[in-house]
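# Report on the structure
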Amino acid sequence: ARQVGKTITTVTFLLHFILFNPYKDVGILANVGSTARKILAKLQLAYENLPIWLQQGVVEWNKGNIELENGSKVIATSTSSSAARGDSFAVVFVDGAAFIGTNMWEEFYTSVYPTISSGKESKIILVSTPNGLNHFYKLFTFAMAGKNDYVPFTVTWKDVPGRDAKWRETEIRNTSPEQFLQEQECQFMGSSNTLVSSTVIK
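In short, a report on the structure.

The rules behind each value
Residues numbered from 1 in each chain as written. Predicted model: local features only at pLDDT ≥ 70, side-chain atom pairs only at ≥ 80, totals over all residues. Heavy atoms only, no water. Helix = DSSP H or I, 4+ residues; strand = E, 2+ residues; numbered from the N terminus. Expected span 1.5 Å × (residues − 1). Bend = angle between axes of the 7 residues up to and from the residue. Buried < 20%, exposed > 50% of the residue type's maximum accessible area, 1.4 Å probe, protein only. Contact = heavy atoms within 4.5 Å. Core = buried A, V, L, I, M, F, W, Y, C linked by side-chain atoms within 4.5 Å. Phe/Tyr/Trp six-rings, centres within 6.5 Å; stacked < 30°, edge-to-face > 60°. Lys NZ or Arg CZ within 6 Å of the ring centre and 35° of its normal. Pairing = 2+ DSSP bridges. Axes fitted to C-alpha atoms, helices over the stretch in contact; angles between N-to-C directions. Arc of directions from axis to C-beta. Salt bridge = Lys/Arg side-chain N within 4 Å of Asp/Glu carboxyl O.

## Topic: helix 3 (residues 102-117)
The terminal C-alpha atoms of helix 3, which comprises 16 residues, lie 21 Å apart, in line with the 22 Å expected from a rise of 1.5 Å per residue. At Tyr109, helix 3 is bent by approximately 30°, the largest bend along its length. Among the residues of helix 3, those classed as buried are Trp105, Phe108, Tyr109, Ser111, Val112, Thr115 and Ile116. For helix 3, the secondary structure elements touched by its buried residues are strand 1 (25-30), strand 5 (91-95), strand 6 (123-127) and helix 4 (135-144).

## Overview of the nonpolar core
Within the largest apolar cluster, 22 residues are counted, with the highest numbers of intra-cluster contacts made by Leu14, Ile18, Val26, Ile28, Leu43 and Val74. Elements with a contribution of two residues or more to this core: helix 1 (6-20), strand 1, helix 2 (33-48), strand 3 (65-68), strand 4 (73-78) and strand 5. Other than its neighbours up to four places away in sequence, Val74 contacts Ile18, Val26, Ile28, Leu40, Gly64, Asn65 and Ile66. One finds Ala98, Ile124, Leu126 and Phe140 within the second-largest nonpolar core, a separate group that totals 18 residues.

## Some points on the packing of aromatic side chains
Throughout the structure, instances matching the rule amount to eleven aromatic pairs. Considering the side-chain rings of Phe13 and Phe17, the 6.2 Å spacing of their centres and the 35° angle between planes classify their relative orientation as tilted. Of this pair, Phe13 and Phe17 both sit in helix 1, four residues apart, roughly one helical turn. When the centroid spacing of 5.9 Å and the interplanar angle of 45° are considered together, the rings of Phe140 and Phe188 count as tilted. You can see Phe140 sitting in helix 4 and its partner Phe188 sitting in the loop between helix 6 (177-183) and helix 7 (198-201), a full 48 residues away along the chain. In textbook terms, an aromatic cluster arises when at least three aromatic residues are bridged by ring pairs, as seen for Phe136, Tyr137, Phe140 and Phe188. A cation sits over an aromatic face here: Lys147 above Phe142, 5.5 Å from the ring centre.

## Structural notes on the sheet that holds strand 5
A sheet is described by the order of its strands in space; here six strands give the open sequence 2-3-4-1-5-6, paired in mixed fashion. At either margin of the open sheet sits one strand with a lone partner, and together these are strand 2 (58-61) and strand 6. Here the average twist between neighbouring strands, direction ignored, is 10°. As defined by bridge partners, strand 1 adjoins strand 5 across five bridges and the pair is classed as parallel. Residue Leu29 lies in a different strand from strand 5, and its bridge partner there is Val94. Sheet strands in contact with helix 1 are strand 1, strand 3, strand 4, strand 5 and strand 6, and its direction is about 165° off that of strand 5. Its contacts with the sheet put helix 3 on strand 1, strand 5 and strand 6, and the angle it makes with strand 6 is roughly 145°.

## Describing helix 2
The end-to-end C-alpha separation of helix 2 is 23 Å, in line with the 22 Å expected for 16 residues at 1.5 Å each. Three or more residues of helix 2 are buried, namely Gly33, Ala36, Ile39, Leu40, Leu43, Gln44 and Tyr47. All buried residues of helix 2 fall inside an arc of 145° around its axis, so they share one side. Set apart from the buried face of helix 2 by more than 90 degrees, the exposed residues are Lys38 and Leu45. In this structure, the buried side of helix 2 is in contact with helix 1, strand 1, strand 2, strand 3, strand 4 and strand 5.

## Looking at the pattern of salt bridges
This structure, assessed with the given rule, holds one salt bridge. Between Arg2 and Glu183 there is a salt bridge, and its shortest N-O distance comes to 3.0 Å. Taken together, the positions of Arg2 in the segment before helix 1 and Glu183 in helix 6 put the pair 181 residues apart, joining distant regions of the chain. Under the relative-accessibility criterion, Arg2 is labelled partly exposed at 40%. For Glu183, a relative accessible area of 15% puts it in the buried group.

Dropping the structure here:
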């Protein structure tokens, strides 16, 4: 769901990964480059707040990439078809995966997937709220049915401390039932603006 800490939790995993695994490359990708750089900035802030004995020496440190003394690197870029071509990533983190245009997604996925499948322990992490019945919907539903090797994981508004029935009512009153189902209940909704609303159809 929205605002449940999914990005920062993944960033924490990535920081741990590069600190304790030497010579590993990590890619942070988003539908626009500025979003990817913001995520990298969160990783940098988390690193700066570590106790000194947990920190590695820094070889490179800027808005687009970092490299640690142990040889591990993190780059932040947009999900273009050339984003990961030629690189060999141990982990690729794609934020807002459902909001990448279908054509761009096909080109990007065709480009990046071989870099993941070539490594025995490589990982791709796709994080997103639903956005219609698109590529993310297909990957997620296939994962739920055991038709691909992704591990599906869902966090809804109910999993966040302090969010209760009153909070739910307020959110629906200030947005719409359809928006709440998609953004907070993580339900994949079909096309909007149909004669019969998607909530009624569901």
